[in-house]
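Chain residues, written in single-letter form:
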Amino acid sequence: MTDVTGAPADVLHTLFHSDQGGHEQVVLCQDRASGLKAVIAIHSTALGPALGGTRFYPYASEQEAVADALNLARGMSYKNALAGLDHGGGKAVIIGDPEQIKSEELLLAYGRFVASLGGRYVTACDVGTYVADMDVVARECRWTTGRSPENGGAGDSSVLTAFGVFQGMRASAQHMWGDPTLRGRKVGVSGVGKVGHHLVDHLREDGAEVVITDVRAESVRRILDRHPSGVTAVADTETLIRTEGLDIYAPCALGGALNDDTVPVLTARIVCGAANNQLAHPGVEKDLADRGILYAPDYVVNAGGVIQVADELHGFDFDRCRTKAAKIFDTTLAIFARAKQDGIPPAAAADRIAEQRMAEARRH
């Protein structure tokens, strides 16, 4: 087995000794009757119960699934801290193709595992899981958010996730060009699924020109039908990031979009998108800064969804959540200011602010 860097290791070494470690608890879950294999990772409960979604994905190996759960859980700690939530970070991954193995029995079994943690971890939707799935999980586990309104939930969290990313883009434009409007700017959106298609709506409403791509042709077609003007499509992300005149690049699919291959060829001046874990490895944030590309940390700008699901625990109010999500604009500007003050990339500045909040919570 290797860790996420490719060096020989095992799960315990990754947990206790590597940069990806520092987690409080990792639970390996198996229910042979339903075919469930899952990993629940709790990074921190310093600020409160760990909160983060459930990803259902056909990982190439169990090791890859564990590494993803660890990285995502850590990201949730930082995201929740910077969103001002009284929650730590956690994440779960279910191993397998959801279109092949997802079943009511599997989701109920998963719900029992989450319930066994007694509230230390609160789950929600992520890639491969939906509101209807959370309704099933909730039948076995009361620590479930992202449920349908008919079942006491807030429904689809992608609406506010997209709204928050849009606020992060506005803040990035303010910092880079002195004006928060995106009118007349060219924005490339890679991934126009659950979150991306809402983001395109905001961008067009603000007057931006949008270039899109997605691995699913039907997702691209839906956007082009919805926006017959002002939106064009390209074949793939490789083409998108090289598009002439691109002002902003928005990665809205899976993580690792910013890496040693993509950063050198980016034409955009700003990167601000909804995908989690956009930086493929430590050091990429410096590569972006060296090229003069402003990076809005992903876990800051995509926090609208977690703001929504956290609110669900207290009786969901959409307007209250939208007001909180709008503050992502101010938070993003504050991170850019801290980065400039400390002479470090924005990702490092965001980490410092989040770590400071978690450290203060531990002292009390």
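Residues numbered from 1 in each chain as written. Predicted model: local features only at pLDDT ≥ 70, side-chain atom pairs only at ≥ 80, totals over all residues. Heavy atoms only, no water.

**So, the sheet that holds strand 10 (residues 248–251)**
Reasoning step 1: With parallel pairing, the six strands of this open sheet are ordered in space as 9-8-7-10-11-12. Only two strands of the sheet have a single partner each, and these edge strands are strand 9 (231–233) and strand 12 (294–295).
Reasoning step 2: Of the pairings in the sheet, the one linking strand 10 to strand 11 (residues 270–271) comprises two bridges and is parallel in character. From the neighbouring strand, tyrosine 249 faces strand 11, where its bridge partner is valine 271. (Pairing = 2+ DSSP bridges. Helix = DSSP H or I, 4+ residues; strand = E, 2+ residues; numbered from the N terminus.)

**Overview of the pattern of salt bridges**
Reasoning step 1: With the rule as written, the count across this model stands at 21 salt bridges.
Reasoning step 2: Aspartate 247 is the salt-bridge partner of arginine 185, the closest N and O atoms lying 3.9 Å from each other. Taken together, the residues span a long stretch of sequence, with arginine 185 in the loop between helix 6 (158–177) and strand 7 (186–190) and aspartate 247 in the loop between helix 9 (237–241) and strand 10 at a distance of 62 residues.
Reasoning step 3: Between arginine 320 and aspartate 311 there is a salt bridge, with its nearest N and O atoms 2.8 Å apart.
Reasoning step 4: Judged by its relative accessible area of 3%, aspartate 311 falls in the buried class.
Reasoning step 5: Among the charged side chains, a salt-bridge network with shared partners connects Arg55, Asp68, Lys91 and Asp126. (Salt bridge = Lys/Arg side-chain N within 4 Å of Asp/Glu carboxyl O. Buried < 20%, exposed > 50% of the residue type's maximum accessible area, 1.4 Å probe, protein only.)

**Looking at helix 14 (residues 328–342)**
Reasoning step 1: Compared with the 21 Å implied by 1.5 Å per residue over 15 residues, the 21 Å span of helix 14 between its first and last C-alpha is a close match.
Reasoning step 2: Of all the positions in helix 14, only Ile328, Phe329, Thr332, Ile335, Phe336 and Ala339 are classed as buried. In an axial view of helix 14, the angular spread of the buried residues amounts to 130 degrees, which keeps them on one side of the axis.
Reasoning step 3: Backbone geometry just downstream of helix 14 places glycine 343 in the positive-phi region, at approximately 65 degrees. (Expected span 1.5 Å × (residues − 1). Arc of directions from axis to C-beta.)

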